[in-house]
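Descriptive analysis of the structure
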Amino acid sequence: EIKAAYNEAKSAWQTYMENCREDWKFKMSDQWSDEDKATLQQKGLPMLSINHIFKNINLISGYQRQNRGEIRVFPIEGGDEMISEVLNMVVKWILVDKGTNYIVSDAFKDSLIGGLAWMHPYVTFDDDPLDGDIVTKKISPFDILPDPHFTERNLSDCDYIIRHRLVPKRKLANLHPDYKKEILAMSGSPQ
């Protein structure tokens, strides 16, 4: 089932991923095709790129950082005032003290470049083994394959989201100690 979902999502998102890679290359001033680069190099000409995109991305993302709104929790019923105040303190702690505002801004910048951005909020028990700690990470848009049939912005109609990425063999072997021998014997990078 997972392989079928992966193949479906990869096939459906392939064109977007190719366009997104090109958008990221343009943002980084890598706007020449390989053929054009080879031609210019043979002729001894410089590969000049005048990048108007980078300036506009920085302008709009800077505007977002300077004008971001505050997330507030409002009471619905008469007895919800105390709960909403506590939740407001939690939200402020997550956004300010845990640096989530910066992660949201980074994800916003990713969406300006390629059209989509992904964040992953989760609880980690690394530093606080009893209660856990709330962490938010920005994820590369190239590491996520969502259900290609979703239409809702909040992903409520998304049947699956596949997060895929290359993992070093040693880390993978530590995650799956029963298969350590097979993992380390796999071809590819020894790390």
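Residues numbered from 1 in each chain as written. Predicted model: local features only at pLDDT ≥ 70, side-chain atom pairs only at ≥ 80, totals over all residues. Heavy atoms only, no water.

As for the environment of aspartate 159
- Its place among the elements puts aspartate 159 in the loop between β3 (144–146) and β4 (161–163).
- A relative accessible area of 69% means that aspartate 159 is categorised as exposed.
- Along the backbone, aspartate 159 and alanine 5 are 154 residues apart, and their C-alpha atoms lie at a distance of 9.6 Å. (Helix = DSSP H or I, 4+ residues; strand = E, 2+ residues; numbered from the N terminus. Buried < 20%, exposed > 50% of the residue type's maximum accessible area, 1.4 Å probe, protein only.)

Details of the packing of aromatic side chains
- Per the stated rule, a full pass over the model turns up two aromatic pairs.
- Between tryptophan 13 and tyrosine 16, the aromatic rings sit 5.5 Å apart at their centres with planes inclined by 80 degrees, giving edge-to-face as the arrangement. Here tryptophan 13 pairs with tyrosine 16, and both are found in helix α1 (residues 2–27), just three residues apart, close to one helical turn.
- Classification of tryptophan 13 as buried rests on a relative accessible area of 15%.
- Both rings, one in tryptophan 13 and one in phenylalanine 150, keep their centres 6.5 Å apart while their planes meet at 20 degrees; by these two values the pair is stacked. Residue tryptophan 13 is located in helix α1, and its partner phenylalanine 150 is located in the loop between β3 and β4; the two are separated by 137 residues in the primary sequence. Across the pair, phenylalanine 150 and tryptophan 13 agree in class, each one buried.
- Every member of this aromatic cluster is reached through a ring pair, and the members are Trp13, Tyr16 and Phe150. (Phe/Tyr/Trp six-rings, centres within 6.5 Å; stacked < 30°, edge-to-face > 60°.)

What to know about the pattern of salt bridges
- In total, this model carries four salt bridges according to the counting rule given.
- Ionic pairing is found between arginine 72 and glutamate 70, a salt bridge with its closest N-O pair at 4.0 Å.
- Between aspartate 110 and lysine 138 there is a salt bridge, and its shortest N-O distance comes to 3.0 Å. Taken as a pair, aspartate 110 in helix α5 (residues 100–114) and lysine 138 in strand β2 (residues 133–139) lie far apart in primary sequence, 28 residues in all.
- Taking relative accessible area as the criterion, aspartate 110 reaches 5% and is therefore assigned buried.
- Given the relative accessible area of 37%, lysine 138 is considered partly exposed. (Salt bridge = Lys/Arg side-chain N within 4 Å of Asp/Glu carboxyl O.)

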